[in-house]
Each structure stands twice: as C-alpha cells, then as structure tokens.
Amino acid sequence: MPKKLTKKQKRQVRNFVSRNIILVSVLLIIIVSFAVFAYYKGWLDKIFKKEESPILSTAGGYVTTVDNLKDIKVNFLDVGQGDSMIIELPDGKHMIIDSGKYSKAKNAIKEFADSKNITTFDYLLLTHADLDHVGNMAWVIDTYDINYIFRPNNYSGHTKSAGLPSDFNSKTEGGYVVTTETYAKFMVSAYNEKCTVEIVNKDSDFTNKVVFGGVEYEYTFDFLTPIASKSQVKYSDPNNYSPIVMLKYRGNSIMFTGDAEEEMLEEYVLEYSDQNNVDVLKVGHHGSYNATTQEFVDAIDPEYAVIQCGLGNEYGHPHAQALQRLKTHDENMLVYRNDTNGLITLSLGGGVSFDLQNTDCTYNFTAGANMPTTLSLNYFEYLQNRQILVA
C-alpha cells in the first residue's frame, strides 16, 4: 500500500503548485492546443491508426498492335459555360471528361461523337459535381456504352439516389454531400451501367501501350491529386475534389485541373514542387482568378493553355488576374479559348499542335467581362465548312 504523505510533504506540494500555477496553466494550454491542432491536421490518425492501403486502378494494362501510329487528340468541345472534353487515344479508345450542362453541351457531345462514330467511351471522368460539369453525365452514360468510370468522393444525398447500396454511395465522416438531382442521376446511371466505378485520388494512374513496327509506345494518365487515400478525400469546397491529372504520350503532356482552386493547387505544389513540367495546361475553373496561382503555373511551366468558357458568361471568365499570371510566367504563352476559338483540338505525339474552329486569337488575353458578344461559329457550320474532323 502506498505510503501516505506527511503534513510537511503535503504543505510542500501545495507551496510548489501555488508558486508555479501560471507555468503549469501555460503548459496545459500548450499541450491541449497542440492536441487539437494535431487532430485537425490528421496527425493523430497517422500515429494511432493503420494507414489505408492504396487501391490501385485497374483501368489500364492494355497492349494494342496498330497499323499506324496516331497522335492523341484532345478535343475541347465548345459547350458554352462549362467543361467537356473527348480524348481520342492512339489505340482506338476514347475518354470523355465532364459533360457541360443544358442542351448546347449535349448537342456538342452528340455531334462530335457521331462525326467520329463513337458508340463507346472506354473511360469517363467526372471531375466534380457542379452542374456545368455533371449536367449531361447521366445522359452520356445512358446513351453510350461506358467501360470504366472515375468519380469524386462525393456522397449523393438526394432522394433519387436513396436506393443505391451503401458501399457504392458511401458517406464518409466529414465528406462532402451533394444534394442535387443531377448528381443523383449520374450516380444512379453509373451504378446501373455495371462497369467499374472508381473514386479518384493519386493512386488512380493507368497506362496502356500501342505497338507499331515492333516498337512499344505508352500513354499514361497520371493522377497527381487528391493526395489523401480514396475514402479520406475531404474538402469543404466541391471544386477541390477535381483531380489534377497529367496525360503523357511520346514525350508530350497536358495537365487537366477541372475546377481545382487555391487549396488544391497549394496541395499539388507542396507535394510535387516543379518535378512535373507540362506542355499544355487546361486552365482551372474556366479561367477563374482563384484557380490559377502563380506558384502553380511556375511549377508546371506550360507553353500553352486552354480555357473552357462561354462567350458573355455571367461570371466574367476568364478573369484578368488568371490571364495575367499566365502572361507573367511566359510572355510568349499561347492561350486558346472556347469562347473565342470554338472547338479546340490538341494533337500530342512527338510534338504539340492545335486545330482551331476559329483561328482569330485577337481577344484571347481579354478578360471575359470585356469581350465582344459575337465571335464563335457554331459547331455544325464548322463541320460543313471545313470537314476536317470527319475525314
């Protein structure tokens, strides 16, 4: 049994505490503050919890022998104020990234797909759940055969998705809940497609190879963010669920950023610094000032930039600050925009080249708020007049 303190010892303890009460209080405050800070930074999870094992993507691994070596073509569709890209890969596969919103975007997707006889998208990537990206995704999935879907770690809280199993529409603590009917329709269509649906993070990379003349050439989709494990991806702003993805082929590359904003761009720079130089940047969030930081642009060092935005859009995209940051990085930077150039087709493969529906780039460094209101041809006229995409 422990020996009791004598009256003298008790008096000594009381005297020590009274003399050092301020010091003890300060130490307690520091310890509690650090514990709270460590909790919110996730450090305690790393110390006391087992790290989630990375779940690697199963999207790639294909080897295809081809009769001629084709470029990759990234087609930035003119969908108005929104994003939609269709990528033609050198092995005959196709990817669609986002779907714009409303009928203009749906028509642009259909007309382009029809012109290329596309009935299957081997890969579909939804960057995030905003209407101008997810607007037509349910229609895309219901209209075309889809072999593989990448999606953000967003839970659908709308009644239309209430019947989805919990392991498909999973709700993580602190995760983002999307309550729109449009996102719910996408989730239902994705589930009903019965293909692989993958939540994106840095482990979603995949590579395919083409063999031409006995030589192998590979293309890689390198998912660089989000950095966290798939089920742990959490942001307060839905735009930051957009993955930063680099497509590499034959020594050339393009970086896609969705609507990723400052928080995500800072996360990228802290993780990768300047190790990934790219030829082409798909500018974030339609050229918004808070989705193009100087640190990010300097880190990836692009020579070209593409902005998907609609002529006369209500947000004034692209913003003058974003355009100035591109210009500050490289005064010879070439910028192409859907609102001025219409459909934009980028070719990657032993070089970089662009085909523009409207070749006039006079206003490409003019902020959206200062743009004239009549510029672009429509897509159907482009096909009729030039025929270059249906050859």
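Preceding this section is the structure that the text describes.
All of these numbers come straight from a predicted model, not from anything done at the bench. (Residues numbered from 1 in each chain as written. Predicted model: local features only at pLDDT ≥ 70, side-chain atom pairs only at ≥ 80, totals over all residues. Heavy atoms only, no water.)

Participant: Outline helix α7 (residues 181–192), supporting the account with residue identities and numerical values.
Facilitator: One turn of an α-helix holds 3.6 residues; hence residues three or four places apart share an orientation. With 12 residues, α7 extends 16 Å between its outermost C-alpha atoms, agreeing within 8% with the 16 Å of an ideal straight helix rising 1.5 Å per residue. Of the residues trailing α7, lysine 194 is marked for its positive phi of about 60 degrees. (Helix = DSSP H or I, 4+ residues; strand = E, 2+ residues; numbered from the N terminus. Expected span 1.5 Å × (residues − 1).)

Participant: Help me get a handle on the packing of aromatic side chains, residues and values and all.
Facilitator: In total, this model carries 17 aromatic pairs according to the counting rule given. Their ring planes at 80 degrees and their centres at 5.4 Å tell us that tyrosine 268 and phenylalanine 296 sit as a pair that is edge-to-face. You can see tyrosine 268 sitting in helix α8 (residues 262–272) and its partner phenylalanine 296 sitting in helix α9 (residues 294–300), a full 28 residues away along the chain. Overall, tyrosine 268 belongs to the buried group, its relative accessible area being 0%. Seen in terms of ring centroids, tyrosine 336 and phenylalanine 354 are 4.6 Å apart; in terms of plane orientation they differ by 50 degrees. Their pairing is tilted. Here tyrosine 336, found in strand β18 (residues 334–337), pairs with phenylalanine 354, found in strand β20 (residues 352–356); they are 18 residues apart in sequence, far enough to count as distant. Each member of the pair, tyrosine 336 together with phenylalanine 354, is buried. Among the aromatic residues, ring-to-ring pairing joins Tyr123, Tyr148, Phe150, Phe206, Tyr219, Phe221 and Phe223 into one connected group. We note lysine 194 situated over the ring of tyrosine 191; from NZ or CZ to the ring centre the distance is 4.0 Å. The side chain of lysine 327 reaches across the aromatic face of phenylalanine 365, ending 4.6 Å from its centre. (Phe/Tyr/Trp six-rings, centres within 6.5 Å; stacked < 30°, edge-to-face > 60°. Buried < 20%, exposed > 50% of the residue type's maximum accessible area, 1.4 Å probe, protein only. Lys NZ or Arg CZ within 6 Å of the ring centre and 35° of its normal.)

Participant: A description of the sheet that holds strand β2 (residues 72–76) should follow, citing residues and the corresponding values.
Facilitator: Strand order in the open sheet formed by eight strands is β11-β8-β6-β4-β3-β2-β19-β20, with mixed pairing between adjacent strands. The open sheet has two edge strands with one neighbour each: β11 (196–199) and β20. In this sheet, neighbouring strand axes are inclined to one another by 15 degrees on average, regardless of whether the strands run parallel or antiparallel. Note: strand β8 (residues 148–151) against β11, four bridges, orientation parallel. (Pairing = 2+ DSSP bridges. Axes fitted to C-alpha atoms, helices over the stretch in contact; angles between N-to-C directions.)

Participant: Hey, could you go over the pattern of salt bridges for me, with residue numbers and the actual values?
Facilitator: Applying the stated criterion to the full structure yields 12 salt bridges. Here glutamate 88 ties to lysine 116 by a salt bridge, and the two come within 3.5 Å at their closest N and O atoms. Within this pair, whereas glutamate 88 is found in strand β3 (residues 85–88), its partner lysine 116 is found in the loop between α4 (102–115) and β5 (120–121), the two being separated by 28 residues in sequence. A relative accessible area of 12% means that glutamate 88 is categorised as buried. Of the residues examined, lysine 116 reaches a relative accessible area of 23% and is grouped as partly exposed. What emerges from the salt-bridge pattern is a single network uniting Lys160, Glu181 and Lys185. (Salt bridge = Lys/Arg side-chain N within 4 Å of Asp/Glu carboxyl O.)

Participant: I'd like a description of the nonpolar core, backed by residues and values.
Facilitator: Counting 34 residues, the largest nonpolar core has Ile72, Ile87, Phe150, Phe221 and Phe354 as its most contacted members. Look past the residues within four positions of phenylalanine 354 in its chain and what remains in contact with it is Val280, Tyr304, Val306, Tyr336, Ile344, Thr345 and Leu346. Core analysis: the second largest hydrophobic core is formed by 30 residues, Ile96, Phe112, Val178 and Ala190 among them. (Core = buried A, V, L, I, M, F, W, Y, C linked by side-chain atoms within 4.5 Å. Contact = heavy atoms within 4.5 Å.)

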